[in-house]
Amino acid sequence: MDVLIHAVVGLHILGIAALLGGFLTQLKVMGKGEARMVPAMLHGALTMLVTGVALVGLNQADDHTVNTFKIGVKLALLIVILGLVYVKRDEEKVEAAALGTVGALTAANVFIAVLWV
Ligand code: HEM
């Protein structure tokens, strides 16, 4: 079971790579107001949701304690991220504030994951 949990954490991290990597590719054009929500960001955010929920289930099935408050905060931030990316996925240009919010909340979730025990 431990191998499976670690493999899903690996997929969870690949999701971060897609979401945050997609955001970072847009940083240069963000200042010119020409940034967009790239497909990698939507796929990454969906991967975070699916693998995150799977990790909760697998950890509980294996009798590991899950910090439900921490997971709730991470889920709430991801719902905002997913909502922004999904609603604006077809827009040719998105405001810097929307893109910046996605980047900031994703980074916040990384630090919540690693610093909050
Ligand atoms: C942008 C969103 C997210 C980011 C950046 C993120 C980041 C991370 C990272 C870096 C880890 C590894 C931490 C470690 O092993 O020390 C992790 C683990 C985990 N994540 Fe996420 N996560 C996100 C969303 C979610 C969501 C939505 C859920 C649940 C619905 C979730 C549930 C978990 C669980 C259960 C673990 C393993 C146990 C733990 O360390 O708490 N994550 N996450």
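Residues numbered from 1 in each chain as written. Predicted model: local features only at pLDDT ≥ 70, side-chain atom pairs only at ≥ 80, totals over all residues. Heavy atoms only, no water.

Looking at an unreviewed UniProt entry, one finds the protein named Integral membrane protein, with Streptomyces olivoverticillatus as its source organism.

Caption draft 1: How the structure looks around the environment of Leu49. Take Leu49: it is sitting in helix α3 (residues 39–61). The exposure class assigned to Leu49 is partly exposed, which follows from its relative accessible area of 27%. For Leu49, the residues in contact, after removing those within four places along its chain, are Leu75, Leu78 and Leu82. (Helix = DSSP H or I, 4+ residues; strand = E, 2+ residues; numbered from the N terminus. Buried < 20%, exposed > 50% of the residue type's maximum accessible area, 1.4 Å probe, protein only. Contact = heavy atoms within 4.5 Å.)

Caption draft 2: How the structure looks around the coordination of the iron atom of the ligand. Those protein atoms acting as donors to the iron atom of the ligand are His12 (NE2) and Lys74 (NZ), and they sit at 1.9 to 2.0 Å. Coordination geometry of the iron atom of the ligand: the 6 donor atoms subtend angles of 82 to 178 degrees at the metal centre, consistent with an arrangement described as octahedral. In this pair, His12 sits in helix α1 (residues 2–25) while Lys74 sits in helix α4 (residues 68–87), placing the two residues 62 residues apart along the sequence. In this structure, His12 and Lys74 share a single accessibility class: buried. (Donors = N, O, S within 2.8 Å, 3.2 Å for Na, K, Ca; no water. Tetrahedral: all angles 85-135°; square planar, octahedral: opposite > 155°, others 65-115°.)

Caption draft 3: Focus on the site of the ligand. Near the ligand lie 18 residues; those nearest to it are His12, Lys70, Lys74, Asn109 and Ala113. The separation between an oxygen atom of the ligand and a polar side-chain atom of Lys70 is 3.2 Å. One of the side-chain nitrogen or oxygen atoms of Lys74 is found 2.6 Å away from a nitrogen atom of the ligand. Only α1, α3, α4 and α5 (96–115) provide two or more residues apiece to the shell around the ligand. Per-element accounting of the shell around the ligand gives the leading share, 6 residues, to α4. Partitioning the shell around the ligand into residue classes produces 12 nonpolar, 4 polar and 2 charged. (Near = heavy atom within 4 Å. Polar contact = N/O pair within 3.5 Å; in protein donor to acceptor, adjacent residues only side chain to side chain. Nonpolar A, V, L, I, M, F, W, Y, C, P; charged D, E, K, R; others polar.)

Caption draft 4: Region of the structure containing α3. Given a rise of 1.5 Å per residue, 23 residues ought to cover 33 Å, and the 33 Å separating the end C-alpha atoms of α3 matches this to within 8%. When we look at burial in α3, the residues that qualify are Met41, Leu42, Gly44, Ala45, Met48, Thr51, Gly52, Leu55, Leu58 and Asn59. Those residues of α3 hidden inside the fold are in contact with α1, α4 and α5. (Expected span 1.5 Å × (residues − 1).)

Caption draft 5: Focus on α1. In this model, α1 (24 residues) spans 34 Å end to end at C-alpha, consistent with the 34 Å of a helix rising 1.5 Å per residue. Those residues of α1 that sit buried are Ile5, Val8, His12, Gly15, Leu19, Gly22 and Phe23.

Caption draft 6: Local environment of the packing of α1 against α5. It is the contact of α1 with α5, at a shortest axis distance of 9 Å, that shows an interaxial angle of 145 degrees. The two elements α1 and α5 cross, and the hand of that crossing is left-handed. The residues of α5 that touch α1, namely those facing Ile16, Leu19, Leu20 and Phe23, are Leu99, Gly100, Val102, Gly103, Thr106 and Val110. Of the residues that constitute the contact of α1 with α5, the class distribution is 7 nonpolar, 3 polar and no charged. (Axes fitted to C-alpha atoms, helices over the stretch in contact; angles between N-to-C directions. Left-handed = near helix turned anticlockwise from the far one by under 90°.)

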